[in-house]
Amino acid sequence: CALGADKPDQAWQLVCALQPLLRHTNYASPALDLLRGATDAARAAGDLRGEATCLMGTALALRQHRRNAEARELLEQALEISRGLGDQSAEAYQLAELGSVAVGEERFLEAYDCIRRALTLVEALSDGVLRAALRNNLGLVCREIGRNAESFEHLSQALAGYRDAG
């Protein structure tokens, strides 16, 4: 079995490669066990970047099942690792996901803060598609907290960003 203790580096990578399939199945029941096993394998391999990736994947699955408190905890662990590694790209995605968790809990000011911080990181990375997605999400959050002019600005910039990206 790929999740065997003899090849932990391959085990976590295999499960991460299966993420699109797991997402397509709405993270059916075996997905959480696979993702948790992958996290354990990344830890056994001593691969911090892999651990953060697996924590993020597990958080996505938990959020899909509306287990937001658990998802939040794993995202915060992943963020701590990514910050320690200086991996701003991973940090941006993790902050964006943390913002999505906050939206799901109707904690819109927290969501605003997370998405805004993610957007700041993405601006430095020049990732146009992610920047457009974050502006879209920020626009929706701004609408929820009554910042209508700011919402319009973010949504307009998101549309322009998606057009530029093709």
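Rules behind the numbers
- Residues numbered from 1 in each chain as written.
- Predicted model: local features only at pLDDT ≥ 70, side-chain atom pairs only at ≥ 80, totals over all residues.
- Heavy atoms only, no water.
- Helix = DSSP H or I, 4+ residues; strand = E, 2+ residues; numbered from the N terminus.
- Rg over C-alpha atoms; globule rule 2.2 N^0.38 Å.
- Buried < 20%, exposed > 50% of the residue type's maximum accessible area, 1.4 Å probe, protein only.
- Contact = heavy atoms within 4.5 Å.
- Areas by Shrake-Rupley, 256 points an atom, 1.4 Å probe, with all protein chains shown as cover.
- Lys, Arg positive; Asp, Glu negative; His and termini not counted.
- Charge placed at Lys NZ, Arg CZ, Asp CG, Glu CD.

### Here's the deal with the overall build of the protein chain
The secondary structure content of the protein chain amounts to nine helices and zero strands. Taken from the N to the C terminus, the helices and strands of the protein chain come in the order α-α-α-α-α-α-α-α-α. Computed over its C-alpha atoms, the radius of gyration of the protein chain comes to 17 Å, within 12% of the 15 Å expected for a compact globule of 166 residues. Considered along the principal axes of its C-alpha atoms, the protein chain spans approximately 55 × 30 × 30 Å. When burial is assessed residue by residue, the protein chain has 42% of its 166 residues classed as buried. Partitioning the intrachain contacts of the protein chain with sequence separation of at least 6 by distance along the chain shows that 51% fall at a separation of at least 24. By element, 51% of the accessible surface of the protein chain is carried by carbon and sulfur atoms, the whole surface being about 8800 Å². Taken as two groups, the 18 positive and 23 negative side-chain charges of the protein chain have centres that lie 4 Å from each other.

Limitation: the analysis is restricted to geometry and does not speak to function.
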